[in-house]
Amino acid sequence: MPLLHDWTNQTDAAIDEKLGLVAVKVPFTVTPGDSKMATLKHALTFFPSDLDEIGLPMVKREAKERNDGGFDVDFHFDGHFNPDSADGEEFSLEGSTNDEKIEAHPEIGVLVKKYYPGKTLKTAQNENGDIIFPATISGTASANVNQFVAGPQIYGQLSSGGLGNALTADIGEDSDSVPNPLFGVKTYLEPSVVWTRTFLSKDFPEGTSRQLGTIGTAQVGKNGQRPPAGREWILVRVRADWRGNIWRISMSWLQSGRHGFPPDVYRFR
């Protein structure tokens, strides 16, 4: 029995309008042949000539046997119709916070002065290098740093440390000490911002991998898309996927803290 195949006219197709990437799935059916293996071989090797008109490379085919011994075959095409002139791009900005040890806070010296009176950064640390802030702080010490307001409620707030309103506590008018808002604090939330540019390229950009871990300027878009200003950026991630006839490349930069990245640790691009 001759092996026959037929287009089922149930094609699925999608295009990414930002990048111009196209994905197409074309289903065919293969009728049963003289043997199961001959039918399977035909399902995995035939290629209808009219599929060339799609204009994209085939990246995968999938064959699934039917109850009658034939096969349903899906052809998958992927890529860009004009890879030589592809200029699509997209951007994303992702912000999050990470728990960091309080000892690593960029203003830890100021915190010790305000919330561990009489101690220096060195003498405030125990044998493990941890700082255990006292449970209370004297009213005199807190008044000297203008950090608390005397009265029925006491508010602890860092002007530059980012901890916000750390304490609301009821105390008496004649109290000699007040609760320390940093008592028991072991970590703080460190903001983290990642800027990602995704673009297409027929050739993989030379030197991209060597830029990983270097301080530089995060890439801006052709229409002026740019990350927040005022900080340094370090390239932390590169991903490239071959999409039939073109590279889809994503490059991600991590924003520095307000003091920048230490130049003795990271090199400039």
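Residues numbered from 1 in each chain as written. Predicted model: local features only at pLDDT ≥ 70, side-chain atom pairs only at ≥ 80, totals over all residues. Heavy atoms only, no water.

Topic: the pattern of salt bridges
Note on pairing: side chains with opposite charge can pair once their charged atoms come close.
For step 1, the next point in the chain: What the rule picks out here adds up to 12 salt bridges.
For step 2, the next point in the chain: One salt bridge connects E65 with K36, and the closest N-O pair in it is separated by 3.3 Å. Here E65, found in strand β4 (residues 58-65), pairs with K36, found in helix α1 (residues 36-45); they are 29 residues apart in sequence, far enough to count as distant.
For step 3, the next point in the chain: On the basis of relative accessibility, which here comes to 37%, the residue E65 falls in the partly exposed class.
For step 4, the next point in the chain: Here R66 and D68 are joined by a salt bridge, their closest N and O atoms 3.1 Å apart.
For step 5, the next point in the chain: Judged by relative accessible area, which is 23%, R66 ranks as partly exposed. (Salt bridge = Lys/Arg side-chain N within 4 Å of Asp/Glu carboxyl O. Helix = DSSP H or I, 4+ residues; strand = E, 2+ residues; numbered from the N terminus. Buried < 20%, exposed > 50% of the residue type's maximum accessible area, 1.4 Å probe, protein only.)

Remarks on the side chain of T214
For step 1, the next point in the chain: Mapped onto the fold, T214 is located in the loop between β11 (187-201) and β12 (215-216).
For step 2, the next point in the chain: Of the polar contacts made by the side chain of T214, one reaches the backbone oxygen of Q211; its length is 2.5 Å.
For step 3, the next point in the chain: Those residues in contact with T214, other than ones at most four positions away along the chain, are W233, I234, L235, R267, F268 and R269. (Polar contact = N/O pair within 3.5 Å; in protein donor to acceptor, adjacent residues only side chain to side chain. Contact = heavy atoms within 4.5 Å.)

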